[in-house]
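# Structural characterization, general
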Amino acid sequence: MQTRHTPESLVIADTPAAILEWAARHIEHVGIHQGPRLFAGPGRTATLPCWPRGALEVAAGRTYGWDRIHRARDQAFGILAETLTGHPVDADEQAAAKALHREVIDRWSAEPGRTAADAAHLFRTAARAEHALF
């Protein structure tokens, strides 16, 4: 039986695919928010809005093996960025790569009319890509 992640889940998401699936469920549950009221939606936390990058952060933040989770979260950002661009998004330094991944995701997220369904579909497409890679 496939593990199901929900916003109320006690299951610990500790792989890139699990984090992406959890983020998809979260954004489907609370919706996607854009524009100047980004932090005002029902899916937001004190510091993370419900948008694709925020949903990934929320999904990864519900876990306990922080070093492992942060590595998986960073891989999830990379896989998501690669899914959006159709090719690897790399940089010479790890910090620069992280910034590029976030920039790709943020640009996609900011496109007018983006929906929670779009983001959930993207997360699941990236999760399938992660399973194919590993």
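Figured I'd write up the structure that's included with this text. As the structure is a prediction and not an experimental result, all values here were calculated from the model. (Residues numbered from 1 in each chain as written. Predicted model: local features only at pLDDT ≥ 70, side-chain atom pairs only at ≥ 80, totals over all residues. Heavy atoms only, no water.)

Turning next to the overall build of the protein chain. A tally of regular secondary structure across the protein chain gives five helices and zero strands. Counting across all 134 residues of the protein chain, residues that qualify as buried make up 46%. Expressed as a percentage of contacts within the protein chain between residues at least 6 apart in sequence, the contacts between residues at least 24 apart total 59%. As displayed, the protein chain offers around 7,400 Å² of accessible surface, 55% of which is attributable to carbon and sulfur atoms. (Helix = DSSP H or I, 4+ residues; strand = E, 2+ residues; numbered from the N terminus. Buried < 20%, exposed > 50% of the residue type's maximum accessible area, 1.4 Å probe, protein only. Contact = heavy atoms within 4.5 Å. Areas by Shrake-Rupley, 256 points an atom, 1.4 Å probe, with all protein chains shown as cover.)

Scanning the entire structure with this criterion turns up 11 salt bridges. Note that Arg25 and Glu21 form a salt bridge whose closest N and O atoms lie 3.0 Å from each other. Separated by four residues within a single helix, Arg25 and Glu21 lie in helix H1 (residues 16-30), roughly one turn from each other. A residue is classified by how much of its surface remains accessible, and Arg25, at 23% relative accessible area, is partly exposed. (Salt bridge = Lys/Arg side-chain N within 4 Å of Asp/Glu carboxyl O.)

Formed by 32 residues in total, the largest nonpolar core has its most connected members in Ile19, Leu20, Ile27, Leu56, Leu80 and Phe123. If one sorts the elements of this core by residue count, H1 sits on top with nine residues. Beyond its immediate chain neighbours, meaning those up to four positions away, Leu80 contacts Leu20, Leu56, Ile105, Leu122, Phe123 and Ala126. (Core = buried A, V, L, I, M, F, W, Y, C linked by side-chain atoms within 4.5 Å.)

Let us now look at the environment of Thr125. Looking at the element boundaries, Thr125 is found in helix H5 (residues 116-133). A residue is classified by how much of its surface remains accessible, and Thr125, at 27% relative accessible area, is partly exposed. Between the alpha carbons of Thr125 and Leu84 there is a distance of 9.7 Å; along the sequence they are 41 residues apart.

Two numbers describe how helix H2 (residues 52-61) lies on helix H4 (residues 94-109): the axes approach to 8 Å, and their chain directions differ by 125°. One way to sum up the angle between H2 and H4 is to call them oblique. Each of Pro52, Arg53 and Glu57 in H2 lies in contact with H4, whose residues at this interface are Arg102, Ile105, Asp106, Trp108 and Ser109. For the contact of H2 with H4, the residue count by class is three nonpolar, one polar and four charged. (Axes fitted to C-alpha atoms, helices over the stretch in contact; angles between N-to-C directions. Parallel < 35°, antiparallel > 145°, perpendicular 65-115°, else oblique. Nonpolar A, V, L, I, M, F, W, Y, C, P; charged D, E, K, R; others polar.)

For any two helices packed against each other, one specifies the inter-axial angle together with the distance between the axes. Between H1 and H2, the shortest axis-to-axis distance is 8 Å and the interhelical angle comes to 115°. Crossing hand, H1 versus H2: right-handed. For the pair formed by H1 and H2, the contact residues are Ile19, Leu20, Trp22, Ala23, His26 and Ile27 on the first element and Pro52, Ala55, Leu56, Val58, Ala59 and Ala60 on the second. (Left-handed = near helix turned anticlockwise from the far one by under 90°.)

With 16 residues, H4 extends 23 Å between its outermost C-alpha atoms, agreeing within 8% with the 22 Å of an ideal straight helix rising 1.5 Å per residue. Looking at H4, one finds that the buried residues are Ala97, His101, Arg102, Val104, Ile105, Trp108 and Ser109. Seen along its axis, H4 keeps its buried residues to an arc of 155°; they face one direction. In H4, the exposed positions that point more than 90 degrees away from the buried face belong to Ala95 and Arg107. (Expected span 1.5 Å × (residues − 1). Arc of directions from axis to C-beta.)

Inspection of the secondary structure puts Ala99 in helix H4. For Ala99, a relative accessible area of 45% translates into the label partly exposed. Sequence separation between Ala99 and Phe77 is 22 residues; the distance between their C-alpha atoms is 9.9 Å.

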